[in-house]
Amino acid sequence: MIMNRLMTAVIVAPLAAGLVATQASAQDDGAEPIVQEQGADELRVDWIAGTNVRSSEGETIGSISDLIVDSESNEVTAAILSVGGFLGIGAKQIAVDFTELEINYDANEITLDITREEADEAPEYVFRDQTPPPTPPAGGTGTGTGTGTGTGTGTGTGTGMGQ
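Procedures and definitions
Residues numbered from 1 in each chain as written. Predicted model: local features only at pLDDT ≥ 70, side-chain atom pairs only at ≥ 80, totals over all residues. Heavy atoms only, no water. Pairing = 2+ DSSP bridges. Helix = DSSP H or I, 4+ residues; strand = E, 2+ residues; numbered from the N terminus. Axes fitted to C-alpha atoms, helices over the stretch in contact; angles between N-to-C directions. Phe/Tyr/Trp six-rings, centres within 6.5 Å; stacked < 30°, edge-to-face > 60°. Buried < 20%, exposed > 50% of the residue type's maximum accessible area, 1.4 Å probe, protein only. Lys, Arg positive; Asp, Glu negative; His and termini not counted. Salt bridge = Lys/Arg side-chain N within 4 Å of Asp/Glu carboxyl O. Polar contact = N/O pair within 3.5 Å; in protein donor to acceptor, adjacent residues only side chain to side chain. Contact = heavy atoms within 4.5 Å.

Okay, the sheet that holds strand β5 (residues 102-104) next. Spatial ordering of the open sheet is given by β4-β3-β2-β1-β6-β5, a layout of 6 strands whose pairing is mixed. The open sheet is flanked by β4 (92-97) and β5, the only strands paired with a single partner. Between one strand and the next, the sheet's axes are offset by a mean angle of 40°, whatever the strand orientation. Bridge count for β5 against strand β6 (residues 109-112) is 3 bridges, and the pairing is antiparallel. Bridge pairing links Asn104 to Glu109 in β6.

A few words on the packing of aromatic side chains. Per the stated rule, a full pass over the model turns up 1 aromatic pair. On the numbers, 5.0 Å between centres and 85° between planes, the contact of Tyr125 with Phe127 is edge-to-face. Residue classification places Tyr125 among the partly exposed positions, given a relative accessible area of 30%. Among the residues examined, Phe127 registers a relative accessible area of 42% and is labelled partly exposed.

With respect to the helices and strands, Lys92 occurs in strand β4. Although Lys92 lies buried, it forms no salt bridge, and the closest oppositely charged side chain, Asp120, sits 6.3 Å away as judged by the N-O distance. A distance of 2.3 Å separates the side chain of Lys92 from the backbone oxygen of Ala122, its partner in a polar contact. Setting aside anything within four residues of it in sequence, one finds Lys92 in contact with Leu81, Ser82, Val83, Ala119, Asp120, Glu121, Ala122 and Glu124.

Enumeration over the complete set of coordinates arrives at 2 salt bridges. Across the pair Arg44 and Asp46 runs a salt bridge, and its minimum N-O distance is 3.8 Å. Linking Asp120 and Arg116 is a salt bridge whose minimum nitrogen-to-oxygen distance equals 4.0 Å. Taken together, the residues Asp120 and Arg116, both in helix α4 (residues 116-121) and 4 residues apart, mark about one turn of the helix.

Structure below.
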């Protein structure tokens, strides 16, 4: 859980506010790949993950356990809420549109315009398995030439005919 949260924070942190341009557009406008400072309007995933989400009436709906990022646009599309259960036991994961979250005070307060009952009745989110990268071809083939020198020692036995 801690490693998952750490990896999410490291990978998705610049995307949380939906303000980071895609790599292609960053290259097009001459932007540098290294960012030195967090902007005042940017949020860290670490601030968002684990934060309780409340309804407009102040009722706790659940807490944010993960974020979903569109791999083509690099935008956060959904927040995964852990709802129901007790101390995480028996809870289910639901997804809500990230743009529907009202995030205030550097993610110290997050509200959503649904009730706890609506969250409890929502279908559980279905995660897909992560696709592994393609495997390189085994044992490669090809031709080549080379030269070299070497020295060595050895022992051996043998039989033969002598004169």
